[in-house]
Amino acid sequence: MGWEPIRKRRTGPVEPNLVDYERVYAGFSWDEARSQLTGLPGGGLNIAYEAVDRHAAGASRDRGALRCRGRGGHTTELTYDELRRATNRFANVLRELGAGKGDRVATLLGRVPELYVTAIGALKNTSVYAPLFSAFGPEPVRERLRLGDVRVLVTTPQLYRKRVAQLRDSLPALEHVLVIGDDPPAGTRSFAEAMARAGDEFTIPPTSPDDMALLHFTSGTTGKPKGAVHVHGAVLAHHVTAAYALDLHAGDVYWCTADPGWVTGTSYGIIAPLTHGVTVIVDASDFDSHGWYEVLQDERVTVWYTAPTALRMLMRSGAELAKRYDLSALRFVASVGEPLNPEVVVWGQEALGLPVHDNWWQTETGAIMISNYAAEDVRPGSMGRPIPGVEAGIVTGDGDGVTEVGDPEAVGELALRPGWPSMFRGYLHDDKRYAESFVDGWYLTGDLARRDPDGYYWFVGRADDVIKSAGHLVGPFEVESALMEHPAVAEAGVIGKPDPVVGEVVKAFVTLREGHDPTEELRAELVAFGRRRLGAVAPKEIAFDQHLPHTRSGKVMRRLLKSRELGLPEGDTSTLEVGR
Ligand code: AMP
């Protein structure tokens, strides 16, 4: 079914930042855009300075920077100057602990004020901030703490006891654990006490745009997680993309619903909005339709950045519900992380009076790369057009060489020309994998897409086997490895099974070892086992299969498992194991 473009009224309450896409795209230069940032007083560029200190030194000093709505109804508000001082304190805490430039500081936290203070304080200290998803089980937490050589971890006593304490011996690099709240468990110390002892003045050391700033963990098809390295210079892309794709203006009230354990929660939940001097709303509660509309209404949110799964859940509770709330302050709605079906874009127009603007990017790109814009008509189902300063293409080929597809509309791999400031600068400890991401002058994204004759990009699917569930990227290998640690499991193949709300659910096919029967009890035990090890990324469904399909080289063919699950033709099976 074709969807009509959603035409924009040309007059809104605020003049959009990007009004003439073609003209701005043609004339854009990152060097010129650099003047939108301030730079450290002594030269150099530090994300934390751009996000906080430069505002605290100016007219926005007493403006709200963060409004954190806690679970119990308690709100913590920090002005830009208060955030400057709190983050100075945390930078001093790190210094006192002996953590310095390049040392990794991780959080395993939900949406609490301390997470924001840790992230920005670590950046001030030129340490590297690495967020961890608080719903991960001990296995993924261990892998990431180890891969990241994390030295300092900030978490809660509960999460520490459940996810970290039993791993501590296997993590020699982890020297300090700070916990929020009273009663620090053995081997940890109190965050609040350390902060109380620290001074609130701190001079950011010289920082180069090429200094490592952020470490984000992501997943591929094979192997353990990858640590994508980002640098302080990325802040230019955070700032510019938030102006163009999210239409942020100083004074906006902005709510990003992404979990702070993933890249969107850092790039657009912390850095980008603060660089614009907006008030960032943080809501600690779990999803609930009424609660979300209440946040939008009560905080008078003007710009809202959310995700397809959440929007589909709101859609399920009906447009009528939205209309019971006063959403008149809302000016712009954007979505990211997974395919946004056109129905949701159109529903936005009906329920919120605003279309949803889809945009596309990934952990490696660090910032939004393709987007729909405030002043442009929206084509429902399209991710939009490249951000000024970003050159995108559709290519075919493989690791030996790629070429751009000639035909408009032909499907190929979405690729980007290296050079934007937030491009990842490495996979930690894996130079080979990093080098393999670039072929013939393109960065290959792993996504399949097409571009229409007007230059709009349309998402088609992943070129690999990674799974997107409720917006979270799940590596099948990590799930398979965890399941294979169960004594009954000989082998596992893991796929994403399409789901109307969360996009995909994780489904595992397992081959049992001899002597184990495929009973309902065992199935339930495996689901629980997965959940204990992996947390929220564990398989929701498990099927027994004593004849998993293999390639000739012995790998489980996840693609085939998926085609079978969907009842699709099995395609090319020439690499299937002989005799099966
Ligand atoms: P992550 O690195 O976890 O942020 O995941 C990035 C991946 O999410 C991309 O490579 C896409 O597969 C998917 N993704 C992100 N944004 C979109 C979008 N707007 N439409 C479709 N898929 C998306």
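All values reported here derive from a predicted model rather than from experimental measurement.

Thresholds, definitions, all that
The numbering scheme is per chain: residues are counted from 1 as the chain's sequence reads. For this predicted model, a pLDDT threshold of at least 70 governs which residues receive local features, and a threshold of 80 or more governs which side-chain atom pairs are given and counted, while totals over whole chains, interfaces and linings are taken from all residues. The basis for every side-chain value is the complete set of heavy atoms in the structure, and neither hydrogens nor water enter the calculation. To be near a molecule or strand, a residue needs just one of its heavy atoms within 4 Å of it. Under the rule applied, a polar contact is a pair of N or O atoms within 3.5 Å (in protein, one hydrogen donor and one hydrogen acceptor; residues adjacent in sequence only if both atoms are side-chain atoms). To measure how exposed things are, a 1.4 Å probe is used in the Shrake-Rupley method; for residues, cover is taken only from the protein chains shown. Helix numbering and strand numbering both begin at the N terminus, where a helix is a DSSP run of H or I of at least 4 residues and a strand a DSSP run of E of at least 2. Under the scheme applied, nonpolar residues are Ala, Val, Leu, Ile, Met, Phe, Trp, Tyr, Cys and Pro; charged residues are Asp, Glu, Lys and Arg; polar residues are all the others, including Gly. Partly exposed describes any residue whose relative accessible area lies between the buried limit of under 20% and the exposed limit of over 50%, with all areas from a 1.4 Å probe on protein chains only and scaled to the type maximum. If DSSP finds at least two bridges between two strands, the strands pair. UniProt positions are given in the numbering used here, feature names are shortened, and annotations may be inferred rather than shown by experiment.

## So, the site of the ligand
Right, on to step 1. Taken together, 17 residues lie around the ligand, and Asp 358, Asn 359, Gln 362, Thr 363 and Arg 462 are the ones closest in.
Right, on to step 2. Between Arg 462 and the ligand, the recorded distance is 2.8 Å, taken from a side-chain N or O atom to an oxygen atom.
Right, on to step 3. A distance of 3.0 Å separates an oxygen atom of the ligand from a polar side-chain atom of Lys 468.
Right, on to step 4. In the complex, the protein chains occlude 95% of the 490 Å² of accessible area that the ligand would expose alone.
Right, on to step 5. Breaking the shell around the ligand down by element, the ones donating at least two residues are strand E14 (356-360) and strand E23 (457-462).
Right, on to step 6. At three residues, the largest contribution of residues to the shell around the ligand is made by E14.
Right, on to step 7. Its residues assigned to classes, the shell around the ligand comprises eight nonpolar, four polar and five charged.

## A closer look at the pairing of strand E8 (residues 212-218)
Right, on to step 1. Here E8 lies mainly inside the structure; seven of its seven residues are buried.
Right, on to step 2. Two strands pair when backbone bridges link them, and E8 and strand E9 (residues 226-231) are joined in this way by six bridges, in the antiparallel orientation. Its bridge partner being in E9, Thr 218 is matched across the sheet by Lys 226.

## Points about the UniProt feature "domain: AMP-dependent synthetase/ligase" (unreviewed entry) in the protein
Right, on to step 1. Per the UniProt entry, the sites bearing "domain: AMP-dependent synthetase/ligase" (unreviewed entry) are residues 55-428 in this numbering.
Right, on to step 2. The span residues 55-428 is 30% helix and 24% strand, and its two end C-alpha atoms sit 33 Å from each other.

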